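# Overview (structure and organization)
The primary structure of each chain is shown beneath.
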Amino acid sequence: MRTLRDAMGYPVLRAGIILLVLALLISIAGLYSVDKSYYSSGTLGEGMHYFGDDKFENEYLYYNRTLTLSSTNATISVLQGSEMYNYTLVNDSVTLHPEMRPVIYVFKGEVNYTYDARAIDYPYAVYSIGAFVLMLAGIALSFIGYTQFLKDVKEGKK
């Protein structure tokens, strides 16, 4: 019976396994995540107001948003996609956790707000495409090298 050391003597098999290990390492690097955040605060007058930054809202994944609104006397509507929520704030505040980028329409009064959005970015995820190609090449080379090794074992060659 031949050993793994004998099998690794075949350059095609060795190259295939090296490509598979390299693909695994690149895939692991693609899982590296970075936390990103966006924060804004201020006072809103009457009219429609959009929160967040276009670039931030479209570029990252898995948002955790917190919107806090407070006023001494204001009537507002919060738009979330196709749903609308109406609030009357009289010396009160409300904390919302919107799933989408919020839009607020202030009917009367002034509203103080804080908007905090946190997201996750995977900066090396694009390299997983290359890792996939390396994996396919590694499987093919490993298969060719292993069949060559089995053929030599059957024929009694080294």
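Scroll up to find the structure this text is about.
Quick caveat: nothing in here was measured; it's all calculated off a predicted structure. Numbering of residues starts from 1 in every chain and runs along the sequence as written. In keeping with the predicted nature of the model, local features appear solely for residues at pLDDT of at least 70, side-chain atom pairs appear and are counted solely at 80 or more, and the whole-chain, interface and lining totals rest on all residues. Side-chain measures here rest on the full set of heavy atoms in the structure, leaving out hydrogens and waters.

Next up on the list: the overall build of the chain. Secondary structure elements are taken from DSSP: a helix is a run of H or I of four residues or more, a strand is a run of E of two residues or more, and numbering for both begins at the N terminus. For the chain, the count of helices and strands is 4 helices and 8 strands. When the helices and strands of the chain are placed in sequence order, the string is α-α-β-β-α-β-β-β-β-β-β-α. For this measure, only C-alpha atoms enter the radius of gyration; the expected value for a globule follows 2.2 Å times N^0.38, where N is the number of residues. Expected size for 158 residues packed as a compact globule is a radius of gyration near 15 Å; at 29 Å, the chain overshoots this value by more than 25%. Each of the three principal axes of the chain carries a C-alpha extent, and together these read 90 × 25 × 25 Å. To sort residues, take the accessible area from a 1.4 Å probe on protein chains only and compare it with the maximum for the residue type: under 20% means buried, over 50% means exposed, and anything in between is partly exposed. Every one of the 158 residues in the chain was classed for burial, and the buried ones make up 28%. For this analysis, residues touch if any pair of their heavy atoms sits within 4.5 Å. Look at the contacts in the chain between residues 6 or more apart in sequence, and 78% of them connect residues 24 or more apart. Computed over 13 positive and 15 negative side-chain charges, the inter-centroid distance for the chain is 22 Å. A residue counts as positive if it is Lys or Arg and as negative if it is Asp or Glu; His and the chain ends are not included. Where a charge lies is defined by one atom per residue type, namely NZ (Lys), CZ (Arg), CG (Asp) and CD (Glu).

Another point: the pairing of strand β7 (residues 103-108). Note: strand β2 (residues 47-50) against β7, 4 bridges, orientation antiparallel. Looking at the pairing, Tyr50 lines up with Val103 of β7. When DSSP finds two or more bridges between two strands, those strands count as paired. In terms of strand pairing, strand β4 (residues 74-80) meets β7 through 5 bridges, oriented antiparallel. By the bridge assignment for β7, Ser77 is matched with Tyr105.

Right, let's get into helix α2 (residues 11-30). Since the α-helix advances by 3.6 residues per turn, residues separated by three or four positions end up pointing in the same direction. Over its 20 residues, α2 extends 28 Å from the first C-alpha to the last, a length consistent with the 28 Å expected when each residue adds 1.5 Å. Those residues of α2 lying buried are Leu13, Gly16, Ala23 and Gly30. What you see down the axis of α2 is that its buried residues fit within an arc of 105°, all on one side. Exposed residues pointing more than 90 degrees away from the buried face of α2 are listed as Pro11, Ile18, Leu25 and Ile28. Tucked inside the fold, the buried residues of α2 contact α1 (4-7) and α4 (128-155). What a helix is expected to span follows from its residue count: subtract one and scale by 1.5 Å. Note that the arc is computed from the directions linking the helix axis to the C-beta atoms.

What counts as a ring pair is set by centres within 6.5 Å for rings of Phe, Tyr and Trp (its six-membered ring), and what kind of pair is set by the plane angle: stacked under 30 degrees, edge-to-face over 60, tilted for all other angles. All chains considered together, the criterion is met by 8 aromatic pairs. Measuring from centroid to centroid gives 5.6 Å for Phe51 and Tyr115, while their planes differ by 40°, and the two rings are tilted. Of the two residues, Phe51 is situated in the loop between β2 and α3 (54-59) and Tyr115 in strand β8 (residues 111-121); the sequence distance between them amounts to 64 residues. The class for Phe51 is buried, based on a relative accessible area of 3%. On the basis of relative accessible area, Tyr115 is assigned to the buried category, the value being 0%. Taken together, a centroid distance of 4.8 Å and an interplanar angle of 65° make the contact between Tyr105 and Phe107 edge-to-face. Residue class for Phe107 comes out partly exposed when judged on its relative accessible area of 45%.

Within the element layout of this structure, Lys108 appears in strand β7. Here Lys108 falls in the partly exposed class, since its relative accessible area comes to 40%. For the pair Lys108 and Glu46, spaced 62 residues apart in sequence, the C-alpha separation works out to 5.8 Å. Filtering out sequence-adjacent residues up to four positions away, Lys108 remains in contact with Glu46, Asn73, Ala74 and Thr75.

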